[in-house]
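Residues per chain are reported as follows:
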Amino acid sequence: MVRVSSKILALVVGVLPQLIQGSGLHTAAVAKGKLYFGSATDNSELTDTAYLTQLNNTDDFGQITPGNSQKWDTIEPTQNQFSYTKGDVIANLAKANDQKLRCHTLVWHSQLPSWVSSGTWTNATLIAAMKNHITNVVTHYKGDCYAWDVVNEALNEDGSYRDSIFYQTIGPAYIPIAFAAAAAADPDVKLYYNDYNIESSGSKAMAAQNIVKLVQSYGAKIDGVGLQAHFIVGSTPSQSSQASVLSAYAALGVEIAYTELDIRMTLPSTDALLAQQKTDYTNTVAACVAEKSCIGITIWDWTDKYSWVPNTFSGQGAACPWDENYAKKPAYTGILSALGGTATTTTTSAGQSTTSSTSTTSSSGGSTTGIARWGQCGGSGWTGGTTCASGYTCTYFNDYYSQCL
Ligand SMILES: *[C@@H]1O[C@H](CO)[C@@H](O)[C@H](O)[C@H]1NC(C)=O
Ligand SMILES: *[C@@H]1O[C@H](CO)[C@@H](O)[C@H](O)[C@H]1NC(C)=O
């Protein structure tokens, strides 16, 4: 309980309405020229009204990602029997709230039903099953998704290909084949390669760049690289090392998004760890803000209450910007300031800390003229632009796809 003198209370009460009109994370991100700031979520959490109230807060979250409900084992548990109920709940929530939806994920070695992971396959039969999955799922969610994570975590830490059932059976060609199938089902949705530990330079980040080139070399469309950014307090890459790898991806003509950001610590949480976590979040968000091709940031759920970390990394947690009681941590203020917002913390008569904020509009996020190299510039159903950036020509590949080369 905090005692507040009547004079200060009057001041706080007078000031509060004005402060509350300030911006949250999404509003600040948009003011910086980004498309969104968002959060992952999951079906079971949506029964928690306090949780849902904040997830619905579009001042903080202009985008959501289903953490699990669009994965292969959920959607196609038996071959060619599709179950969209759980995924639709999240997609419909995004629609009702006018939040963008990142769709996640089509081809991944984990959370696969056993008919896929333990099936007996030939190259041709697995390609057919994979294409059937992608075509059905992308078609079902056509128009709902801003982006699809088409292929997830195809790489080992040393940059070699992960030995998944897809790689074993099809070889690296499974990646461009998956992208081409997704593009054929929905030519408008952004198609991403998504992975972790590709947020600073090294063998794995280099291999992720090679995946972009591989897909492009097949004449298939790839629009983005998703940096999961599951970081650790105190060993998060610096802003400059993240910035240099972001520009390497951007140079390939793709956009970048931070797709699963969280920064875990060894428990218990201390003031020193929370301060370092704030620095690590700030550096990461600042790297995205500074790179024009970095279009948005998604945290892998907003509250420690529903974080995946404690279930996966024993003894670790407290990875989110809000704690398990839904109070904002120092990390929140760090993210907001990196997005150009300024937080003001006041003490209300109830003794609760209220953080509100304002943001400044940036002039640096302006639009480019013409579509960048490798970008799509035409094809059946294409509603985007048709003019390439200077030096590149819109080149016909087939009736469904033309690309700036
Ligand atoms: C959250 O948003 C959805 C969709 O707009 C709405 O139906 C629901 O009532 C909201 N729930 C809360 C707790 O705010
Ligand atoms: C499987 O078939 C595809 C498509 O024809 C081809 O690109 C790929 O190299 C084949 N993989 C193997 C291992 O033969």
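Residues numbered from 1 in each chain as written. Chains lettered and ligands numbered in written order. Predicted model: local features only at pLDDT ≥ 70, side-chain atom pairs only at ≥ 80, totals over all residues. Heavy atoms only, no water.

- Under an unreviewed UniProt entry, the name given to the chain is Beta-xylanase, and the source organism is Penicillium steckii.
- Check the Catalytic activity (unreviewed entry) section of the UniProt entry for the chain; it says "Endohydrolysis of (1->4)-beta-D-xylosidic linkages in xylans."
- The UniProt entry for the chain carries the following text under Subcellular location (unreviewed entry): "Secreted". (UniProt positions renumbered as here; feature names shortened; annotations may be inferred.)

Here we look at the overall build of the chain
Next, step 1: In terms of helices and strands, the chain carries 14 helices and 15 strands.
Next, step 2: Look at the contacts in the chain between residues 6 or more apart in sequence, and 73% of them connect residues 24 or more apart.
Next, step 3: Surface summary for the chain: the accessible area is close to 16800 Å², and the carbon and sulfur share equals 52%. (Helix = DSSP H or I, 4+ residues; strand = E, 2+ residues; numbered from the N terminus. Contact = heavy atoms within 4.5 Å. Areas by Shrake-Rupley, 256 points an atom, 1.4 Å probe, with all protein chains shown as cover.)

Considering the pairing of strand β4 (residues 147-152)
Next, step 1: Taken across its six residues, β4 has six buried, putting it largely inside the fold.
Next, step 2: Relative to β4, strand β3 (residues 100-107) is paired through four bridges, and the arrangement is parallel. Note on β4: the bridge partner recorded for Arg102 is Ala147.
Next, step 3: Two strands pair when backbone bridges link them, and β4 and strand β5 (residues 190-195) are joined in this way by five bridges, in the parallel orientation. (Buried < 20%, exposed > 50% of the residue type's maximum accessible area, 1.4 Å probe, protein only. Pairing = 2+ DSSP bridges.)

A few points about the pairing of β5
Regular strands have side chains that alternate between both faces of the sheet.
Next, step 1: Most of β5 sits inside the fold, with five of its six residues counted as buried.
Next, step 2: Across four bridges, β5 lies against strand β6 (residues 224-227) in parallel orientation. Its bridge partner being in β6, Tyr192 is matched across the sheet by Gly224.
Next, step 3: Read from β5 through helix α10 (residues 203-217) to β6, the crossover connection turns out right-handed. (Right-handed = clockwise from strand over helix to strand, strands pointing away.)

Side note on the packing of helix α11 (residues 239-250) against helix α12 (residues 271-290)
Next, step 1: For the pair α11 and α12, the least separation of the axes is 9 Å and the interaxial angle reads 35°. You can see that α11 and α12 cross each other, and the crossing is right-handed. Here Gln239, Gln242, Ala243 and Leu246 of α11 come into contact with α12, specifically with Asn283, Thr284, Ala286, Ala287 and Cys288.
Next, step 2: Along the lines of polarity and charge, the residues of the contact of α11 with α12 split into five nonpolar, four polar and no charged. (Axes fitted to C-alpha atoms, helices over the stretch in contact; angles between N-to-C directions. Left-handed = near helix turned anticlockwise from the far one by under 90°. Nonpolar A, V, L, I, M, F, W, Y, C, P; charged D, E, K, R; others polar.)

Section: the site of ligand 1
Next, step 1: Close to ligand 1 lie Thr49, Leu52, Thr53, Asn56, Leu93, Ala96 and Asn97.
Next, step 2: Contact between ligand 1 and Asn56: an oxygen atom at 2.4 Å from a side-chain N or O atom of the residue.
Next, step 3: Residue Asn97 places a side-chain N or O atom 2.7 Å away from an oxygen atom belonging to ligand 1.
Next, step 4: Put simply, the parts of the chain that give the shell around ligand 1 at least two residues each are α3 (49-55) and α5 (85-97).
Next, step 5: Across the shell around ligand 1, the residue classes tally to three nonpolar, four polar and no charged. (Near = heavy atom within 4 Å. Polar contact = N/O pair within 3.5 Å; in protein donor to acceptor, adjacent residues only side chain to side chain.)

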